[in-house]
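Residue-level structure breakdown
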Amino acid sequence: MTPEVHVVTHPLVQHKLTLMREKDRSTSSFRRLLHEISMLMAYEVTREMPTQLIDIETPLERMQSPVIDGKKTVFVVIMRAGSGFLDGMLEVVPGARVGHVGLYRDPKTLGAVEYYFKMPQDMHERDAIVLDPMLATGNSALAAVERLKETHPKSIRFVSLLAAPEGLANFHARHPDVPVYTCAIDRQLNDHGYIVPGLGDAGDRIFGTK
Ligand code: URA
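None of these values were measured; they are calculated from a predicted model. (Residues numbered from 1 in each chain as written. Predicted model: local features only at pLDDT ≥ 70, side-chain atom pairs only at ≥ 80, totals over all residues. Heavy atoms only, no water.)

Side note on the site of the ligand
Selection rule: Being near a molecule or strand, for a residue, comes down to having at least one heavy atom within 4 Å of it. Polar contact is defined as a pair of N or O atoms within 3.5 Å, subject to the rule that within protein one atom must be able to donate a hydrogen and the other to accept it, and that residues adjacent in sequence are counted only when both atoms are side-chain atoms. Each accessible area is a Shrake-Rupley result for a 1.4 Å probe, and residues are judged covered by the shown protein chains and nothing else.
Surrounding the ligand, one finds Arg105, Met134, Ala136, Gly193, Tyr194, Ile195, Gly200, Asp201 and Ala202. Contacts to the ligand include Ile195, whose backbone N or O atom sits 2.8 Å from an oxygen atom. One nitrogen or oxygen atom from the main chain of Ala202 is found 2.7 Å from an oxygen atom belonging to the ligand. Bound to the protein, the ligand loses 89% of the 230 Å² it would expose on its own.

This is the structure we're talking about:
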């Protein structure tokens, strides 16, 4: 199986990402741009969503017209930075449910340690869209997806803002069946596991904690 990687090259996404990378951008502007990008990413990641025809009545006549079932989608937030992606996604898919995975990165091993996991009911009926802005080492992403697979969702997709080549390879070595959607694949990771050129610590920049 060849793993799927979708780099969203739409000019609006690329423009907003460039602004987010700038080191002097304010917290409010960074957050707003992430919100806007997440709406655009929602559009890309839901492109293959199945639709069903329902009977409706226009002012002129009856017809059958397609709808998607947003209630069957679950956005899975990898805390904490993943929550910055959530509001924009929910604006576009308001009927979706939301699950949370709490993982922290062990500073020595860079491995992922789980501290929270809560999903909605009926996961086997749901298409899961996992949200984490930075696919860096890939360790949190692959641990989150590993755990998520225990709930047997119908499908899993992964959305990030930025990915490192090492992280993508690491993630897809374990989960070749999970397509990744990202806005850019940067050059590499640095010695601290940060993506370069990157945009710094996404959580700190979203929440203004630095
Ligand atoms: N997490 C971040 O927030 N930024 C990186 O560059 C890598 C991991």
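Section: the pattern of salt bridges
Going by this rule: For salt bridges, the criterion is a side-chain nitrogen of Lys or Arg within 4 Å of an Asp or Glu carboxyl oxygen. Burial classes: relative accessible area under 20% of the type maximum marks a residue as buried, over 50% as exposed, and values in between as partly exposed (1.4 Å probe, protein chains only). Secondary structure follows DSSP: runs of H or I at least 4 residues long count as helices, runs of E at least 2 residues long count as strands, and numbering of each begins at the N terminus.
With the rule as written, the count across this model stands at twelve salt bridges. In this structure, Arg25 engages Glu22 in a salt bridge whose closest nitrogen and oxygen atoms are separated by 2.8 Å. By relative accessible area, which is 25% here, Arg25 ends up partly exposed. Across the pair Arg147 and Glu114 runs a salt bridge whose closest N-O atoms are separated by 3.0 Å. Taken as a pair, Arg147 in helix α4 (residues 139–149) and Glu114 in strand β6 (residues 112–118) lie far apart in primary sequence, 33 residues in all. For Arg147, a relative accessible area of 24% puts it in the partly exposed group. Assessed through its relative accessible area of 37%, Glu114 is described here as partly exposed.

Focus: the pairing of strand β4 (residues 73–79)
In the case of a regular strand, side chains alternate between the two sheet surfaces. Our working definition: Pairing between strands is defined by DSSP: at least two bridges between the two strands are required.
Counting buried positions along β4 gives six out of seven residues, so the element sits mostly inside the fold. Here β4 pairs with strand β7 (residues 127–131) via five bridges, running parallel. Residue Val74 lies in a different strand from β7, and its bridge partner there is Ala128. In the sheet, β4 pairs with strand β5 (residues 97–105) via six bridges, with the strands oriented parallel. Its bridge partner being in β5, Phe75 is matched across the sheet by Val98.

Things to note about the sheet that holds strand β12 (residues 184–185)
Sheet architecture is open: three strands sit in the order β8-β10-β12, paired in parallel fashion. With one partner strand each, in any of the chains shown, β8 (134–135) and β12 form the two edges of the open sheet.

So, the packing of helix α1 (residues 11–21) against helix α2 (residues 27–45)
Two quantities define a packed helix pair, namely the angle between the axes and the distance from one axis to the other. To keep things clear, this is the line we draw: Helix axes use the C-alpha atoms of the stretch in contact, all axes being lines fitted to C-alpha atoms, and the angles between their N-to-C directions lie in the range 0 to 180 degrees. Comment on the angle field: the value is read as roughly parallel under 35 degrees, roughly antiparallel over 145, roughly perpendicular from 65 to 115, and oblique elsewhere. In this scheme the crossing of two helices becomes right-handed for a clockwise turn of the near helix relative to the far one and left-handed for an anticlockwise turn of less than a right angle. Note on definitions: a residue-residue contact is assigned when non-hydrogen atoms from the two residues lie within 4.5 Å. The residue classification treats Ala, Val, Leu, Ile, Met, Phe, Trp, Tyr, Cys and Pro as nonpolar and Asp, Glu, Lys and Arg as charged. All others, Gly included, are polar.
The geometry of α1 relative to α2 is characterised by a closest axis approach of 10 Å and an angle of 155 degrees between their N-to-C directions. In this view, α1 runs roughly antiparallel relative to α2, as classed from their interaxial angle. Considering the relative orientation of α1 and α2, their crossing is left-handed. The residues of α2 that touch α1, namely those facing Leu12, Val13, Lys16, Leu17, Leu19 and Met20, are Phe30, Leu33, Leu34, Glu36, Ile37 and Leu40. Along the lines of polarity and charge, the residues of the contact of α1 with α2 split into ten nonpolar, no polar and two charged.

Brief notes about the side chain of Ser29
Locating Ser29 in the fold gives a position in helix α2. Within the structure, the side chain of Ser29 is placed 2.8 Å from the side chain of Arg25, a separation counted as a polar contact.

Points about the nonpolar core
Heads up, the rule is: Nonpolar cores are built from buried Ala, Val, Leu, Ile, Met, Phe, Trp, Tyr and Cys residues. Side-chain atoms within 4.5 Å join them into one set.
Counting 35 residues, the largest nonpolar core has Leu17, Met41, Phe75, Leu131, Val159, Leu161 and Leu199 as its most contacted members. Elements represented by at least two residues in this core include exactly α1, α2, β4, α3 (86–92), β7 and α6 (202–207). Looking at this core element by element, the count peaks at seven residues for α2. If sequence neighbours within four positions are ignored, Leu17 has contacts with Ile37, Leu161, Leu162, Cys183, Ala184 and Leu199.

All we've got here are geometric facts, nothing functional implied.
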